[in-house]
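Summary of structural features
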Amino acid sequence: MPPPSGPPTPTSWRLALPHTAAAVPVARSLVRSALAEIESPPTDTYTAELLTAELVANAVEHTTGDSPIELVVELLETGCQVEVHDPDPSPPADLTNPDDAEMPDPWQEHGRGLLLIRTLSASCGHRPTASGKAVWFTLPAVPRQRPPSE
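What you see is a predicted model, and the numbers here were worked out from it, not measured in a lab.

Turning to the overall build of the chain, a few remarks are in order. In terms of helices and strands, the chain carries three helices and five strands. In the chain, the order of α-helices and β-strands from amino to carboxyl end is β-α-α-β-β-α-β-β. By the burial criterion, 36% of the 150 residues in the chain qualify as buried. Taking contacts inside the chain between residues at least 6 apart in sequence as the whole, the part at least 24 apart equals 65%. Roughly 9,500 Å² of accessible area belongs to the chain as shown, and the carbon and sulfur atoms make up 55% of that amount.

Right under this line is the structure:
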């Protein structure tokens, strides 16, 4: 009898992205492709793409320099986690302290990204890295629906 195996190893993708707005559609595409690989995708792929776009756009807009940002997509048994690494060690404002957050101005084009991430993700946060910080969110897997019986 073979020895019992441990939990399955998660699958992950890492991609260096340019420090420009062109990184946003590339990041969305990677998330879409990664989620197509799993049997039970997160709540919906569109939400994962939207939140990824917000993280990448924030990293591009709020950090300086030409060094690339990095996108990490990890597929887990329980769903997925998306991280964006950037060179700025400063934590993102209002991501994990919603009590301190100001409500975004509905007439402005900016200011709703972190609110979307807090509201639509299962969890989110940030952590320091050796070269700056990583900002992340998770989405849960949804059990596959059975087709209606005839």
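The next thing to look at is the environment of Leu15. Within the secondary structure layout, Leu15 lies in strand 1 (residues 11-17). In this structure the C-alpha to C-alpha distance between Leu15 and Ile69, which are 54 residues apart in sequence, comes to 8.5 Å. Excluding residues within four positions of it along the chain, Leu15 makes contact with Val26, Leu30, Ile69, Glu70 and Leu71.

Our focus in this paragraph is helix 3 (residues 113-120). Within an α-helix, residues lying three or four positions from one another point in the same direction, as the helix has 3.6 residues per turn. Looking only at helix 3, the buried set comprises Gly113, Leu114 and Ile117. Viewed along the axis of helix 3, the buried residues span an arc of 95 degrees, placing them on a single side of the element. Looking at the buried residues of helix 3, the elements they touch are helix 2 (45-62), strand 4 (123-129) and strand 5 (132-140).

Note on placement: Leu139 falls in strand 5. Of the residues examined, Leu139 reaches a relative accessible area of 3% and is grouped as buried. In this structure, the C-alpha to C-alpha distance between Leu139 and Gln81, residues 58 residues apart in sequence, is 6.6 Å.

Bringing the packing of helix 2 against helix 3 into the picture now. Contact pair helix 2 / helix 3: the axes reach a minimum separation of 9 Å and the direction vectors enclose 140 degrees. Remark: the crossing between helix 2 and helix 3 carries left-handed chirality. Taking contact as the criterion, the partners of Thr47, Leu50, Leu51, Glu54, Leu55 and Asn58 in helix 2 are, on helix 3, Gly113, Leu114, Leu116, Ile117 and Leu120. Residue composition of the contact of helix 2 with helix 3, by class: seven nonpolar, three polar and one charged.

Attention shifts here to the pairing of strand 3 (residues 79-86). Every regular strand shows the same layout, with side chains that alternate between the two sheet faces. Of all eight residues making up strand 3, eight are buried, and the element is well covered by its neighbours. Side chains of strand 3 alternate between two faces, with Gly79, Gln81, Glu83 and His85 and Cys80, Val82, Val84 and Asp86 buried alike. Taken together, strand 2 (residues 69-76) and the strand that follows it, strand 3, pair antiparallel across an intervening segment of two residues. For strand 3 and strand 5, the ladder comprises eight bridges, and the chain directions are antiparallel. The partner of Asp86 across the bridge, within strand 5, is Lys133.

Right, let's get into helix 2. With 18 residues, helix 2 extends 26 Å between its outermost C-alpha atoms, agreeing within 8% with the 26 Å of an ideal straight helix rising 1.5 Å per residue. Counting buried positions along helix 2 yields 13 of 18 residues, so the element is predominantly enclosed.

The biggest cluster of nonpolar side chains holds 29 residues, and the ones touching the most others in it are Val56, Leu71, Val73, Ile117 and Phe137. Elements with a contribution of two residues or more to this core: helix 1 (23-35), helix 2, strand 2, strand 3, helix 3 and strand 5. In this view, Val73 contacts Thr11, Ser12, Trp13, Leu30, Val31, Ala34, Gln81 and Val82; residues no more than four positions away in its chain are not counted.

What counts and how
Residues numbered from 1 in each chain as written. Predicted model: local features only at pLDDT ≥ 70, side-chain atom pairs only at ≥ 80, totals over all residues. Heavy atoms only, no water. Helix = DSSP H or I, 4+ residues; strand = E, 2+ residues; numbered from the N terminus. Buried < 20%, exposed > 50% of the residue type's maximum accessible area, 1.4 Å probe, protein only. Contact = heavy atoms within 4.5 Å. Areas by Shrake-Rupley, 256 points an atom, 1.4 Å probe, with all protein chains shown as cover. Arc of directions from axis to C-beta. Axes fitted to C-alpha atoms, helices over the stretch in contact; angles between N-to-C directions. Left-handed = near helix turned anticlockwise from the far one by under 90°. Nonpolar A, V, L, I, M, F, W, Y, C, P; charged D, E, K, R; others polar. Pairing = 2+ DSSP bridges. Expected span 1.5 Å × (residues − 1). Core = buried A, V, L, I, M, F, W, Y, C linked by side-chain atoms within 4.5 Å.

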